[in-house]
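Here is what each chain is made of, one letter per residue.
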Amino acid sequence: MPVVNSAGRLVLTAAVCAGLLTGCGEEPPAAQSPRGAAAATAVPAAPGAPARPAPAEIPGLGPATRSHIPAASTQALVVKGDGPHSHQSTAVLYERDRATGWKAVSQPWPAHNALRGWTADHRAGDLRTPIGVFALGDAGGRLPDPGTLLPYDRSEEFNMPGTGFLGEPLEGSFDHVVAIDYNRVPGTSPLNKVRPLGPGKGGGVWIHVDHGGPTRACISLQRDDMRQLLLALDPAKKPVIVMGDAGTLGR
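Conventions used here
Within each chain, residues carry numbers counting from 1 in the order of the written sequence. Two thresholds apply to this predicted model, a pLDDT of at least 70 for residue-level local features and 80 or more for giving and counting side-chain atom pairs, whereas whole-chain, interface and lining totals are computed over all residues. Remark: hydrogens and water are excluded; side-chain values derive from all non-hydrogen atoms of the structure. In this text, helices come from DSSP runs of H or I with a minimum length of four residues, and strands from runs of E with a minimum of two, each type numbered from the N-terminal end. The buried label goes to any residue with under 20% of its type's maximum accessible area, the exposed label to any with over 50%, and the partly exposed label to all in between, with areas taken from a 1.4 Å probe on protein chains only. Throughout, the Shrake-Rupley method with a 1.4 Å probe supplies accessible areas, and for residues the shown protein chains are the sole cover considered. What makes a salt bridge here is a side-chain nitrogen of Lys or Arg within 4 Å of a carboxyl oxygen of Asp or Glu, nothing more. Starting at the helix axis, one direction is taken to each C-beta atom, and the arc is that of these directions. Only Phe, Tyr and Trp rings are paired, with Trp represented by its six-membered ring, and only when their centres lie within 6.5 Å; those with planes under 30 degrees apart are stacked, over 60 edge-to-face, the remainder tilted. Here, a strand pair is defined by DSSP locating no fewer than two bridges between the strands.

What is the right way to read the overall build of the protein from this model?
A count of helical and extended segments in the protein gives 3 helices and 14 strands. Here the protein holds 251 residues, and 51% of them are scored as buried. For the protein, the exposed area adds up to about 10800 Å²; of that, 55% sits on carbon and sulfur atoms.

Would you mind going over unusual backbone geometry with me for this structure?
A negative phi holds for most residues other than glycine; trans holds for most peptide bonds. Notably, Leu127 is not glycine yet its phi reads approximately 60°, a positive angle. Mapped onto the fold, Leu127 is located in the loop between β7 (118-119) and β8 (129-130). Look at Asn183: it is not a glycine, yet its phi comes out positive at around 50°. Checked against the element boundaries, Asn183 lands in the loop between β11 (177-180) and β12 (206-209). By relative accessible area, which is 0% here, Asn183 ends up buried.

Before we go on, may I ask you to explain the pattern of salt bridges in this structure?
Side-chain pairing between opposite charges can occur once the charged atoms of the two side chains come close. Inspection of the entire model under this criterion finds 8 salt bridges. Among the ionic pairs, Arg123 bridges to Asp121, the shortest N-O distance being 3.4 Å. The class of Arg123 is partly exposed, set by a relative accessible area of 42%. Counted as one network, the salt bridges with shared partners bring together Asp121, Arg123 and Lys201.

Help me out: how do you make sense of helix α2 (residues 223-232) in this one?
Note: α-helices contain 3.6 residues per turn, so residues at a spacing of three or four share the same orientation. Of all the positions in α2, only Asp225, Met226, Leu229 and Leu230 are classed as buried. Summarising the axial view, the buried residues of α2 lie within an arc of 140°, below the 170-degree limit, and thus occupy one face.

Is there a simple way to think about the packing of aromatic side chains in this case?
A ring pair, where both rings are aromatic, is described by two values, the distance of the centres and the angle of the planes. Tallied over the entire structure, the rule returns 3 aromatic pairs. Judged by centre distance (5.9 Å) and plane angle (90°), the ring pair of Phe134 and Tyr182 falls under edge-to-face. One end of the pair, Phe134, is in strand β9 (residues 132-141); the other, Tyr182, is in the loop between β11 and β12, and 48 residues separate them in sequence. Across this residue pair, the class does not change: Phe134 and Tyr182 are buried. When the ring of Phe174 is compared with that of Trp206, the centres are 4.9 Å apart and the planes differ by 75°; the resulting orientation is edge-to-face. One end of the pair, Phe174, is in the loop between β10 (152-154) and β11; the other, Trp206, is in strand β12, with 32 residues separating them in the sequence. Looking at Phe174, the relative accessible area reads 0%, which means it is buried. The exposure class assigned to Trp206 is buried, which follows from its relative accessible area of 1%. Among the aromatic side chains, those forming a connected cluster through ring pairs are Phe158, Phe174 and Trp206.

What exactly am I supposed to notice about the pairing of β12 here?
In summary, the side chains of a regular strand alternate between the two faces of the sheet. Bridge count for β11 against β12 is 3 bridges, and the pairing is antiparallel. If you follow Ala179 over to β12, its bridge partner there is Trp206. As paired strands, β12 and strand β13 (residues 219-221) are joined by 3 bridges and run parallel to one another. Bridging from a neighbouring strand, Ile207 pairs with Ile219 of β13.

Okay, structure coming up:
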């Protein structure tokens, strides 16, 4: 599962957007669930002392996926797709205590991902959401900053006309967005068009307001849930998104 870190290195690998915008799964350039809590295991203790449980892990994530969550990250939005070809998923925000481990700090939020599901090798216009672990560091939208701690770029360029794959109106989808650090320059507006891996690998993959149908590559949340996420994300906690179909995330 390739991911791109802040240095632009490939490490692991997200609706429908108007051509004038940079966001949410660009078209190809021309000429180019396990859900139960993880079982705690005993940690060896000093002779005579009671054993203490190991720090809790995020339910449903296998060792391969967990290994890509940075040690410095103590906040993770986990988005599990219903299946590799499904556009429906569920998101939960987790936070990590160094001693006790990960704990859910939100209710499960219904979400949409791309029309054709998920991929570990995202390409521009493939209508699939990239699988992987990515940083969340920049936000923006057409509406004013609701109070997020993330840098927030308010711009009319986030206006979203047209209709989605199911004929649903897209207006308001980009009222609030959080950029997913897939093939982008961290520390810049979500509108930034620079693609470190090249335009063929897509870009403009965001979390944004749900419009009632599948996306082109992004993750979408109900408006109230999107607002809760924006208010909860804290740069000091090095937030990431962990996303993919439940089967892949469980590896």
